[in-house]
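For reference, the chains in residue letters:
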Amino acid sequence: MSVHQDIKQVTTHVLQNMKLSNEKIAMLTAYDFSMARILDNAGIDVILVGDSASNVMAGHKTTLPITLNEMIYHASSVVRAVTRALVVVDLPFGTYQGNSKEALSSAIRIMKETGAAAIKMEGGREIRESIERILSAGIPVMGHLGLTPQSIHKFGTYVVRAREEEEARKLMDDARLLENLGVFSIVIEKVPARLAAKVAQDLRIPLIGIGAGHEVDGQVLVLHDMLGITNEFSPRFLRRYNNLFEQIKTSVQGYIADVKSVDFPNDKEQY
Ligand code: KIV
């Protein structure tokens, strides 16, 4: 049973307490009002307005094309639906890597124009200055290490990261650096479970995994993947809780058939 289910509003401090009391953090993505309302009602702890919106909402192949304005549109729709969950918003590619002043103004736009509680940024030491500047403005930051999809053209592939000792050591050092800078949590994506467990043990802040095993402080999945709305993406770490692609398709086919056969609307469904 969840220790924190009576909490009226999840904050970064609540997440810290969840780590201390060994309660796992449940996080999912959402990009629109209606889905966010269902997630919040179900009791999700954290909603990430991920730049995976670029893939699942806009149909791009990568997360790179989504813009700051588009993220602000998605995030403000989500925030309007949420009363309890902590809403975290991805800073999109190209809005924080260039220089720390631009990073801060991107983060400020998200906080002012969406009402979200925190932002997320991909990377370690390379973006140190941007993280410091954003934190110094009082904006909570979530880090993201391991497979960082905004760097897909550098990696060249979506395979598991940090299998080799050198990359694993760099990841551990980056996690420590982010914690020392003051980020409130870190997402760790697609790395060996043993490494993720070591990082989670080493950190005081919560480590949220995706494809990183269960010995971390919480889990995150992309909503459209776990609901089976997307059906062409099946990494080993993904558990599907539904098959909405087929269910929605069947419903739409039923509607088409009813319209064509003039079964819909019937006498009771008209004025
Ligand atoms: O954009 C996203 O959905 C993410 C999660 C996969 C962690 O960053």
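The rules we used
- Residues numbered from 1 in each chain as written.
- Predicted model: local features only at pLDDT ≥ 70, side-chain atom pairs only at ≥ 80, totals over all residues.
- Heavy atoms only, no water.
- Helix = DSSP H or I, 4+ residues; strand = E, 2+ residues; numbered from the N terminus.
- Rg over C-alpha atoms; globule rule 2.2 N^0.38 Å.
- Buried < 20%, exposed > 50% of the residue type's maximum accessible area, 1.4 Å probe, protein only.
- Contact = heavy atoms within 4.5 Å.
- Lys, Arg positive; Asp, Glu negative; His and termini not counted.
- Charge placed at Lys NZ, Arg CZ, Asp CG, Glu CD.
- Near = heavy atom within 4 Å.
- Polar contact = N/O pair within 3.5 Å; in protein donor to acceptor, adjacent residues only side chain to side chain.
- Areas by Shrake-Rupley, 256 points an atom, 1.4 Å probe, with all protein chains shown as cover.
- Nonpolar A, V, L, I, M, F, W, Y, C, P; charged D, E, K, R; others polar.
- Domains from an automatic or database assignment.
- Phe/Tyr/Trp six-rings, centres within 6.5 Å; stacked < 30°, edge-to-face > 60°.
- Lys NZ or Arg CZ within 6 Å of the ring centre and 35° of its normal.
- Axes fitted to C-alpha atoms, helices over the stretch in contact; angles between N-to-C directions.
- Left-handed = near helix turned anticlockwise from the far one by under 90°.
- Pairing = 2+ DSSP bridges.
- Core = buried A, V, L, I, M, F, W, Y, C linked by side-chain atoms within 4.5 Å.
- Patch = residues over 30% accessible without salt bridge, like charges linked within 9 Å, V, L, I, M, F, W, Y side chains within 5 Å.
- Salt bridge = Lys/Arg side-chain N within 4 Å of Asp/Glu carboxyl O.
- Parallel < 35°, antiparallel > 145°, perpendicular 65-115°, else oblique.

Participant: Got a sec to walk through the overall build of the chain? Specific residues and values, please.
Facilitator: Within the chain, the secondary structure is distributed over 11 helices and 8 strands. Relative to the globule expectation of 18 Å for 271 residues, the C-alpha radius of gyration of the chain, 20 Å, shows essentially globular dimensions. On the principal axes, the C-alpha backbone points of the chain span a range of 65 × 40 × 40 Å. In the chain, which comprises 271 residues, the proportion classed as buried is 50%. Restricting the contact set of the chain to residue pairs at least 6 apart, pairs at least 24 apart contribute 58%. For the chain, the distance from the average position of its 30 positive side-chain charges to the average position of its 32 negative side-chain charges is 3 Å.

Participant: So what's going on with the site of the ligand? Which residues, and what values?
Facilitator: All residues in the neighbourhood of the ligand are listed as T29, L48, G50, D51, S52, D90, K120, H144, V187, I210 and V222. Contact distances for the ligand include 3.0 Å between an oxygen atom and a side-chain N or O atom of D51. In the environment of the ligand, an oxygen atom lies 2.9 Å from a nitrogen or oxygen atom belonging to the side chain of K120. In the complex, 96% of the free accessible area of the ligand, which totals 260 Å², lies under the protein chains. When its residues are assigned to classes, the shell around the ligand shows 4 nonpolar, 4 polar and 3 charged.

Participant: Now, about the domain arrangement of the chain: what can you tell me, with residues and values included?
Facilitator: We note that the domain assignment places domain 1 (12-240) and domain 2 (245-271) within the chain. Taken over C-alpha atoms, the centre of domain 1 sits 40 Å from the centre of domain 2.

Participant: Provide a residue-level description of the packing of aromatic side chains, including the pertinent values.
Facilitator: The full count for this structure, using the stated rule, is 1 aromatic pair. Between the NZ or CZ atom of R161 and the centre of the ring of F155, over which it lies, the distance is 4.0 Å.

Participant: Account for the packing of helix α4 (residues 68-81) against helix α5 (residues 100-114), with residues named and values stated.
Facilitator: Between α4 and α5, the shortest axis-to-axis distance is 9 Å and the interhelical angle comes to 35°. Of the two elements, α4 crosses α5, and the hand of that crossing is right-handed. Between α4 and α5, the contacting residues are L68, N69, I72, A75, S76 and V79 on the first element and S106, R109, I110, E113 and T114 on the second. Residue composition of the contact of α4 with α5, grouped by class: 5 nonpolar, 4 polar and 2 charged.

Participant: Describe the sheet that holds strand β8 (residues 218-221), listing the residues and the values that go with them.
Facilitator: Spatially, the 8 strands close up into a barrel ordered β1-β2-β3-β4-β5-β6-β7-β8, and their pairing is parallel. Between one strand axis and the next, the sheet turns through 25° on average, direction left out of account. Relative to strand β4 (residues 118-122), strand β3 (residues 86-90) is paired through 3 bridges, and the arrangement is parallel. The residue bridging D90 from the neighbouring strand is K120, located in β4.

Participant: Explain the nonpolar core to me, using residue names and the numbers behind them.
Facilitator: With 64 residues, the main nonpolar core has I47, I119, M121, I131, I134, I186 and V199 as its most contacted residues. Among the elements that make up this core, the one with the highest residue count is helix α8 (residues 165-181) (7 residues). Here I47 is in contact with L28, A30, A36, L39, D40, V78, V82, A85, L86, V87 and V88, once residues within four sequence places are set aside. Membership of the second largest hydrophobic core comes to 17 residues, among which are V10, M18, M142 and I208.

Participant: Describe a nonpolar patch on the surface, naming the residues involved and giving the relevant values.
Facilitator: A surface patch of nonpolar side chains, about 520 Å² in accessible area, is lined by I248, V252, Y255, I256, V259 and F264. Topologically, V259 is positioned in helix α11 (residues 244-260). With relative accessibility at 37%, the residue V259 sits in the partly exposed group.

Participant: Tell me about the packing of helix α2 (residues 33-42) against α4, and please be specific about residues and values.
Facilitator: It is at 8 Å that the axes of α2 and α4 come closest, and there the two elements cross at 40°. The orientation of α2 with respect to α4, classified from their angle, is oblique. Handedness of the α2/α4 crossing: right-handed. On the side of α2, the interface is formed by F33, A36, R37 and D40, while α4 contributes S77, V78, R80 and A81. Of the residues contributing to the contact of α2 with α4, the split by class is 4 nonpolar, 1 polar and 3 charged.

Participant: Quick rundown of the environment of N243? Include the residues and the values.
Facilitator: The topology assignment puts N243 in the loop between α10 (223-226) and α11. Separated by 15 residues in the primary sequence, N243 and G228 have C-alpha atoms spaced 4.3 Å apart. Excluding residues within four positions of it along the chain, N243 makes contact with L227 and G228.

Participant: Account for helix α9 (residues 193-202), naming residues and giving values.
Facilitator: By the burial criterion, the buried members of α9 are L195, A196, A197, V199 and A200. Against α1 (12-20), α8, β6 (185-189) and β7 (207-210) lie the buried residues of α9.

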